[in-house]
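Residue-level structure breakdown
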Amino acid sequence: MPLLEEGYRGVMTDIATSTAGASTGTAPGSTEHFDVLIVGAGISGVGGAYHLQTQCPDKSFVVLETQDGFGGTWRTHTYPGIRSDSDLYTFGYRFKPWTGAPIATAEEILRYMGEVVDENDLGRHIRYHHRITSAVWSTDDARWTLSGTRTDTGEAVTFTADFLWMCQGYYRHSEGYTPEWPGMDHFDGTIVHPQNWPADLDYADKKVVVIGSGATAATLIPAMAPKATHVTMLQRSPTYFITGRNANDLADTLRSLEIPDEWTHEIVRRKILHDQAQITRMSFDAPDVLRTELLKGITNILGPDAEIEPHFTPSYRPWRQRIAFVPDGDLFHAVKDGKASVVTDEIETFTETGIQLTSGKHLDADIIVTATGFNLNVLGDIAFTIDGVPLDFAQTVSYRGTMFTGIPNMAWVFGYFRASWTLRADLIADFVCRLLKHMDELGVEIAVPELREEDRSMALLPWVDPENFNPGYLMRGMHLLPKQGDRDPWRHTQDYWSEKNELPLIDLDDGALRYR
């Protein structure tokens, strides 16, 4: 169900109040040292803190977060209807049962994360309002020095750490991506990006055009449609969606049998992952069959006379871009009820009253929402320096998609595209904790990936194969990202179903990690 803006602001206030005491701050001019420093208190950072505390209880650590509370994406985005596009059985943590509907609102996700923080006393480790601007590695000192600013006081802060765990995500939270279209400055109405949604934006009885066809547009439109005069989804090309009830029959059955929540969570999680593996395999082996099934879900709502072509039939095979789940088909019910419509066309120019399309059609609008994606963020926009040399991240080679050649004692969490982000965050957390314990056993201070002799002539490939997965934000920023190799351990496979077995069994002494 769409999230009411009033309720969302209420829970944000409650969470901000409950976490305000967690940020203890740093005395001006002082430097604090920790064994591990985690950047970001979103889904990856909070999970990383839990695993570190659980698996490496002897390690001191701190979590630094720019915003005024935990949550990351779910705190940044406040637009109407904000919800997950992945089920919470797999997007949620493996150690914390999810007991709600599969697709959750931001409010529900923040409450869930808040329970993780409170139940595990993680708040004392998190420092909010801390923006890090530089990270400097010294091999002589075998440690990182991070410098930044407290955004609430303007004070400079400095931390040192033996190991750096980057959990800040992959996009820039301060601003979304909006193309520069002709005539934007001529439009007399309001232009807004969902990532910077004004709390006081009144769209009641207004004509709204949402530019974009991804998960954000599919969330916004059914949430805005009941109050707006009309909402038009303007897309250059369509996207695949999965429709279905926002419920899980297996979970409901297990709960009716009074199966413990921990068992239900794990059983349902495994069943969902099994089904997702089949769908992914079908996208490669039988893409036309999968396409037919996906479109059938839309036709069942809109009826046989609906314009499936061109509005809902993408030109690419399924899963080359992310497929969002539309709970209860709410987007398509809004279209069926006449409160929303879909236009597939291209923008010629903005006008004073709306958008002129290349087909000659004009879309009248009071509000234009540019649901056009993210700006890729590389290592949190932090200036990295390795032994006095500025880091060119694009010149490094990925080790298992989480560490990188020439960068000592640093791991980056980059989640899955075709499965929930948190699945990989949990796997990487296990790897980091295992590596830290292995370094202690060896009595070494530094671990850095280095190409072995047999790897130095291998082909270097893009961070992600664009023939395999190619969303716009990734294609725009691919030149900023590391390379991957054509063999293990230098591949970044984005394949949960193989990594869930491979990552726990990584040979930490195969020569790809050099210890000092």
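Quick look at the structure, then.

Reading the values: rules and limits
- Residues numbered from 1 in each chain as written.
- Predicted model: local features only at pLDDT ≥ 70, side-chain atom pairs only at ≥ 80, totals over all residues.
- Heavy atoms only, no water.
- Phe/Tyr/Trp six-rings, centres within 6.5 Å; stacked < 30°, edge-to-face > 60°.
- Helix = DSSP H or I, 4+ residues; strand = E, 2+ residues; numbered from the N terminus.
- Buried < 20%, exposed > 50% of the residue type's maximum accessible area, 1.4 Å probe, protein only.
- Lys NZ or Arg CZ within 6 Å of the ring centre and 35° of its normal.
- 1 Å grid on protein atoms, 1.4 Å probe; cavity = no way out; pocket = protein on both sides within 12 Å on 5 of 7 lines; lining within 4 Å.
- Points joined across faces, edges and corners; volume = space filled by probe spheres on them.
- Nonpolar A, V, L, I, M, F, W, Y, C, P; charged D, E, K, R; others polar.
- Pairing = 2+ DSSP bridges.
- Axes fitted to C-alpha atoms, helices over the stretch in contact; angles between N-to-C directions.
- Contact = heavy atoms within 4.5 Å.
- Left-handed = near helix turned anticlockwise from the far one by under 90°.
- Expected span 1.5 Å × (residues − 1).

**Considerations on the packing of aromatic side chains**
Enumeration according to the criterion identifies 31 aromatic pairs in this entry. Taking 3.6 Å as the distance between ring centres and 15° as the angle between the ring planes, the aromatic pair formed by Y50 and F95 counts as stacked. In this pair, Y50 sits in helix α2 (residues 43–55) while F95 sits in the loop between α4 (88–91) and α5 (106–119), placing the two residues 45 residues apart along the sequence. The exposure class assigned to Y50 is buried, which follows from its relative accessible area of 16%. On the basis of relative accessible area, F95 is assigned to the partly exposed category, the value being 21%. Here the aromatic rings of F393 and F404 are separated by 4.8 Å at their centres, their planes lie at 70°, and the arrangement is edge-to-face. With a gap of eleven residues between them, F393 in the loop between β18 (389–390) and β19 (398–399) and F404 in strand β20 (residues 403–404) connect regions that are remote in the sequence. Looking at F393, the relative accessible area reads 6%, which means it is buried. What makes F404 buried here is its relative accessible area of 0%. Site record: aromatic cluster; members linked through ring pairs are Y170, Y171, F374, F393, F404, W412, F414, F417, W421 and W463. Over the aromatic face of Y203 sits the side chain of K227, whose NZ or CZ is 4.8 Å from the ring centroid.

**A word on the layout of surface pockets**
Within this model, the second largest pocket holds a volume of roughly 720 Å³. Along the wall of the second largest pocket there are 27 residues; nearest its centre are D87, I242, I272, Q276 and F325. At the level of secondary structure, the elements contributing two or more residues to the lining of the second largest pocket comprise α4, β10 (241–244), α7 (249–256) and α8 (261–285). In the lining of the second largest pocket, the residues fall into twelve nonpolar, seven polar and eight charged.

**Some words on the sheet that holds strand β12 (residues 340–344)**
Here five strands make up an open sheet; going across it, the order is β7-β16-β8-β9-β12 and the pairing parallel. Both edges of this open sheet fall to β7 (190–192) and β12, since each of them pairs with a single strand only. Ignoring which end each strand starts from, the neighbouring axes of this sheet average 20° apart. Inspection of the sheet shows strand β8 (residues 207–211) paired to strand β9 (residues 230–235) by five bridges, in the parallel sense. Bridging across to β9, K207 finds its partner in H230. Along the sheet face, helix α6 (residues 215–224) touches β8, β9, β12 and β16 (367–370) and points at about 165° away from the line of β9.

**Thoughts on the packing of α2 against helix α12 (residues 421–442)**
Packing of α2 against α12 brings their axes to within 9 Å, and their N-to-C directions diverge by 35°. Like other packed secondary-structure pairs, α2 and α12 cross with a definite hand, here right-handed. Of the residues in α12, those touching α2 at I43, S44, H51, L52 and Q55 are W421, T422, A425, D426, A429, D430, C433, L436 and K437. Taken together, the residues that form the contact of α2 with α12 break down as seven nonpolar, four polar and three charged.

**Details of the environment of I428**
Checked against the element boundaries, I428 lands in helix α12. Judged by its relative accessible area of 1%, I428 falls in the buried class. Once residues lying within four places of it in the same chain are set aside, the contact partners of I428 are W165, T402, W412, V413 and F414.

**Remarks on the sheet that holds strand β13 (residues 347–351)**
What the three strands build is an open sheet, ordered β13-β14-β15; its pairing is antiparallel. Of all the strands in the sheet, the pair left with one neighbour each is β13 and β15 (362–364). Averaged over all neighbouring strand pairs, the angle between strand axes comes to 20°, with direction disregarded. Here three bridges tie strand β14 (residues 354–357) to β15, and the two strands are oriented antiparallel to one another. Across the sheet, the residue bridging to I355 is L363, located in β15.

**Concerning α12**
Compared with the 32 Å implied by 1.5 Å per residue over 22 residues, the 32 Å span of α12 between its first and last C-alpha is a close match. A large share of α12 lies buried, amounting to 16 of its 22 residues. Positive phi appears at G443, one or two residues downstream of α12, with a value of about 70°.

On their own, these measurements won't tell you what the molecule is for.
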